[in-house]
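# Structural overview
Residues per chain are reported as follows:
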Amino acid sequence: MPYVLLLHGHMGAAPPHWQSWLAHELAETGIVVEVPQLSEPDRPRLDLWLAELRHHLEAAPADEERIVLAHSCGAALWLHHAAQLVDSDRHPLRFDRVMLVSPPGPRWHHPDVHGFTPAPLDAAGLRRAAGWTQLVVGDDDEACSVDEAVDMAAELKIDLDIIPGGAHLDGHAGYGPWPAVRDWVADRHTRMVTNR
């Protein structure tokens, strides 16, 4: 059974967000899933979230497949984390797979969100952080344009799935139940589609 860590974004991931749905779906099958409530999700600070993320990564079981699914500022958080990792043969915080969903683009700004953008695009750091990383965005996300997502994926040398009409891929966009993301936990070759 894998260990799955869900990293929420700005304002958290309360229902009807797909992360809440996914946590329940995975727990029902016996998968260990952790959904940490990062500090002050309505006014996130990068330095604080990085420290909290490191705590959760250090506490993750080492003998299971380790998977991260990060949304929005949680995805930007992972990019900052990856860029700070120093080189080593097998980094102790390394995870097996990561899905970055709707990270904010470099020009995105919100007055209550501090330090997350622009996120560093460190391809080598991303490989130190995880064995496989995938990017998923909606083609009409106001926080990250398709062009920005394509550039981000190219710079990071990772796969990109673009979902037509997906917007910010959150509860407001209709992404509560999202079977494809559950299927991806079982098989990283699953492509993200609009089956919400």
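Refer to the structure printed above.
Thresholds applied
- Residues numbered from 1 in each chain as written.
- Predicted model: local features only at pLDDT ≥ 70, side-chain atom pairs only at ≥ 80, totals over all residues.
- Heavy atoms only, no water.
- Helix = DSSP H or I, 4+ residues; strand = E, 2+ residues; numbered from the N terminus.
- Rg over C-alpha atoms; globule rule 2.2 N^0.38 Å.
- Buried < 20%, exposed > 50% of the residue type's maximum accessible area, 1.4 Å probe, protein only.
- Contact = heavy atoms within 4.5 Å.
- Lys, Arg positive; Asp, Glu negative; His and termini not counted.
- Charge placed at Lys NZ, Arg CZ, Asp CG, Glu CD.
- Core = buried A, V, L, I, M, F, W, Y, C linked by side-chain atoms within 4.5 Å.
- Axes fitted to C-alpha atoms, helices over the stretch in contact; angles between N-to-C directions.
- Parallel < 35°, antiparallel > 145°, perpendicular 65-115°, else oblique.
- Nonpolar A, V, L, I, M, F, W, Y, C, P; charged D, E, K, R; others polar.
- Phe/Tyr/Trp six-rings, centres within 6.5 Å; stacked < 30°, edge-to-face > 60°.
- Pairing = 2+ DSSP bridges.

### Quick word on the overall build of the protein chain
- Scanning the protein chain from terminus to terminus reveals six helices and six strands.
- Put simply, the protein chain runs from its N terminus to its C terminus through helices and strands in the order β-α-β-α-β-α-β-α-β-α-β-α.
- Taken over the C-alpha trace, the protein chain has a radius of gyration of 15 Å; the compact-globule value for 196 residues is 16 Å, and the two agree within 12%.
- Dimensions of the protein chain, computed from the C-alpha atoms along their principal axes, are close to 40 × 35 × 30 Å.
- Relative to its 196 residues, the protein chain shows a buried fraction of 53%.
- For the protein chain, contacts bridging at least 24 residues in sequence account for 80% of all contacts bridging at least 6.
- Taking the average location of the 15 positive side-chain charges in the protein chain and that of its 29 negative ones, the two points are 5 Å from each other.

### Quick word on the nonpolar core
- Counting 40 residues, the largest nonpolar core has Leu5, Val68, Leu77, Trp78, Phe95, Leu100 and Phe116 as its most contacted members.
- The set of elements that each furnish at least two residues to this core consists of strand 1 (3–7), helix 2 (46–59), strand 3 (66–71), helix 3 (73–84), strand 4 (95–101), helix 4 (123–129), strand 5 (130–138) and helix 5 (146–156).
- In terms of residue count, the dominant contributor to this core is helix 3 (seven residues).
- Val68 has contacts with Leu5, Leu7, Trp78, Phe95, Arg97, Val98, Met99 and Trp184, leaving out every residue within four places of it along the chain.

### Regarding the side chain of His17
- Structurally, His17 can be placed in the loop between strand 1 and helix 1 (18–28).
- Take His17: its relative accessible area is 7%, and that puts it in the buried class.
- Beyond its immediate stretch of four places on either side in the chain, His17 contacts Gly12, His71, Asp170, Gly171, Tyr175 and Gly176.

### Let's talk about the packing of helix 2 against helix 3
- Where helix 2 contacts helix 3, the axes come no closer than 10 Å and their chain directions differ by 75°. In terms of axis orientation, helix 2 runs roughly perpendicular to helix 3. Contact with helix 2, carried on its side by Leu46, Trp49, Leu50, Leu53 and Leu57, involves Cys73, Gly74, Leu77, Trp78, His80, His81 and Gln84 of helix 3 and no other residues of that element.
- Of the residues belonging to the contact of helix 2 with helix 3, the class tally is eight nonpolar, four polar and no charged.

### Some remarks on the packing of aromatic side chains
- Applying the stated criterion across every chain yields a total of five aromatic pairs.
- Relative to Phe116, the ring of Trp49 has its centre 5.3 Å away and its plane inclined at 80°; by these criteria the two rings are edge-to-face. On the criterion of sequence distance, the pair formed by Trp49 in helix 2 and Phe116 in the loop between strand 4 and helix 4 is long-range, its members being 67 residues apart.
- For Phe116, a relative accessible area of 1% corresponds to the buried category.
- Both rings, one in Trp78 and one in Phe95, keep their centres 6.2 Å apart while their planes meet at 70°; by these two values the pair is edge-to-face. Here Trp78, found in helix 3, pairs with Phe95, found in strand 4; they are 17 residues apart in sequence, far enough to count as distant.
- Judged by its relative accessible area of 0%, Trp78 falls in the buried class.
- What links up through ring pairs into an aromatic cluster is the set Tyr3, Trp78 and Phe95.

### Description of the sheet that holds strand 5
- Strand order in the open sheet formed by six strands is 2-1-3-4-5-6, and the pairing between neighbours is parallel. The strands lining the two open edges of the sheet, one partner per strand, are strand 2 (32–34) and strand 6 (159–163). Pairs of neighbouring strands in the sheet enclose a mean axial angle of 15°, with direction left out of account.
- Where helix 2 meets the sheet, it contacts strand 1, strand 2, strand 3 and strand 4, and its direction lies at approximately 170° from that of strand 1.
- Helix 5 rests against strand 5 and strand 6 of the sheet, and its axis sits at about 165° to strand 6.

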